[in-house]
Amino acid sequence: MTAELIETTWTVEGIRAGAEPVLRRLADGARDRELTRAYAHREVRALAEQRITLIGIARADGGAGGTVRDVADLVIEIARADSNVAQALRSSFLTANQVATRPGLPHRAVTLARLRAGDLFAGTANERSGGAGGSVHTTLRRDGEGYVVDGEKYYSTGGLYASWFTGTATGEDGRVYGFTVPVDRDGVQRLDDFDAIGQRLTASGTTRLTGVRVTGDEVVARDGGPADNPWLGSFAQLYLAAVEAGIAASALDDALWFARERARPIKHSTAATSVEDPYVRHTVGEIAARAHAARAVVLLAAEALTGVREHSGDRARAAAAAAAVTVAQTGVIAVESALRAAELLFDVGGGSATNRDLAFDRHWRNARTVANHNPRQWKAAVAGAFHLTGEEPPTTGLF
């Protein structure tokens, strides 16, 4: 009897249920991976097999359905388990968001098929060329019926986990093109050379491209034309805020565990146990409040982004500008909440809370590193200008 190919129907609820045990394993191993510089290949593959990136893509398109809020909620939980993994998956979720929001996306059907297959993506336009910000020194030249790409890209977030790499290159006509190639293509070299104080295991190192052959259907000219919504970077910024919210939640998890299982009351405390100490209770309560605030603003901003899709033309532009400001404000609160929660964790215990084997410092280092992607002072200033004068936010990836 011939077996028939059964098309799997994915749902938000089913994906979340399948991801839950994977996230538990991910959280259980986060400290040890931090201490030994080990990557979570098995867990990341397991999450990909649950088709986590199909959340937010309409079921009519072969996705799992759901909203931007559903995506943000999942990202917070991944970051709560291990913020390195959440960051490493960012390019994959950004790719999925493009499919969900851009019906005219070049090669949309091909990209959707890859997402449905559980493929993961990495990509960056960043270079360490010493040139002006945003300049592209990677080259794309015609060679026969295809092209050849040469150059180096840095901050290739998720590169060691990915099946596909997307980058930018300057063509012989001076225009900037995008290209997507499989990571095992000849000439593609992924380096584990990311060296930051935090988020060390995000696989965000260099991708070296040496004589990489690219076919015509793997190249897309970058469209610089006007759009109803020029703030396409808002989801990327919301994603960073969701990672910060997850870090705050993870700090709370460690604070609860340490207070219950390891901490002892300070010598002059009248409490018999740490969980009875009023100052420990106050500290844990404040950490919980910070984690709650970060999560709340992320989910609120996610709803604002969902609302943009209901409009077109001038109304879409106005809604998108307001949503971009909401996301910017969210970034400010999420960053400050995560940094504060991570610092307060050390007030739950005494000197033993600083033991390196606990790796509690990773929360602050990770929050600080994510925060440095796009300075929150700019976000706050842009939000202030919008509220005071109606000035639109910049149409860059920072907003």
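A few points on the structure. (Residues numbered from 1 in each chain as written. Predicted model: local features only at pLDDT ≥ 70, side-chain atom pairs only at ≥ 80, totals over all residues. Heavy atoms only, no water.)

To continue, consider the pairing of strand β4 (residues 164-171). Judged by how many residues are buried, β4 sits mostly within the fold: six of eight residues are covered. Where strand β1 (residues 121-124) meets β4, four bridges bridge the pair, whose relative direction is parallel. Bridged to F121 within β4 is W164. Where strand β2 (residues 139-143) and β4 come together, two bridges link them in parallel fashion. Across the sheet, T139 pairs through a bridge with T170, a residue of β4. The turn joining β4 and strand β5 (residues 176-182), which pair antiparallel and follow one another in sequence, is formed by four residues; a positive phi near 85 degrees is taken by G174. (Buried < 20%, exposed > 50% of the residue type's maximum accessible area, 1.4 Å probe, protein only. Helix = DSSP H or I, 4+ residues; strand = E, 2+ residues; numbered from the N terminus. Pairing = 2+ DSSP bridges.)

A word on the pattern of salt bridges. Applying the stated criterion across every chain yields a total of 25 salt bridges. Measuring nitrogen to oxygen at the nearest pair gives 2.8 Å for the salt bridge that ties E34 to R365. Here E34, found in helix α1 (residues 12-36), pairs with R365, found in helix α10 (residues 361-371); they are 331 residues apart in sequence, far enough to count as distant. Considered together, E34 and R365 belong to a single accessibility category, that of buried residues. The network of salt bridges with shared partners includes E286, R290, R340 and E343. (Salt bridge = Lys/Arg side-chain N within 4 Å of Asp/Glu carboxyl O.)

Further remarks concern the pairing of strand β3 (residues 146-153). Within a regular strand, the side chains alternate between the two sheet faces. Taken together, the five bridges between β2 and β3 define a ladder with antiparallel strand orientation. Its bridge partner lying in β3, D143 is registered against G146. Here β2 folds back onto β3, and the loop between the two strands holds two residues, one of which, G144, carries a positive phi near 65 degrees. Here six bridges tie β3 to strand β7 (residues 207-214), and the two strands are oriented antiparallel to one another. When the sheet's bridge partners are listed, K153 is paired in β7 with T207.

Within the secondary structure, E127 sits in the loop between β1 and β2. In this structure E127 comes out as buried when scored by relative accessible area, which is 18%. One polar contact links the side chain of E127 to the main-chain amide nitrogen of H137, over a distance of 2.7 Å. Ignoring sequence-local partners within four residues, the contact set of E127 consists of S135, V136, H137, T138, E152, K153 and Y154. (Polar contact = N/O pair within 3.5 Å; in protein donor to acceptor, adjacent residues only side chain to side chain. Contact = heavy atoms within 4.5 Å.)

Before going further, it helps to spend a moment on the environment of S156. By the element assignment, S156 lies in the loop between β3 and β4. By relative accessible area, which is 1% here, S156 ends up buried. The contacts of S156, once residues within four sequence positions are left out, are A122, T124, F165, A203, S204, G205, T206 and T207. Polar side-chain contacts of S156 include one of 3.5 Å to the backbone oxygen of K153. Here T207 takes part through its side chain, which lies 2.8 Å from a polar atom of the side chain of S156.

All quantities given are derived from atomic positions and should not be read as evidence of function.
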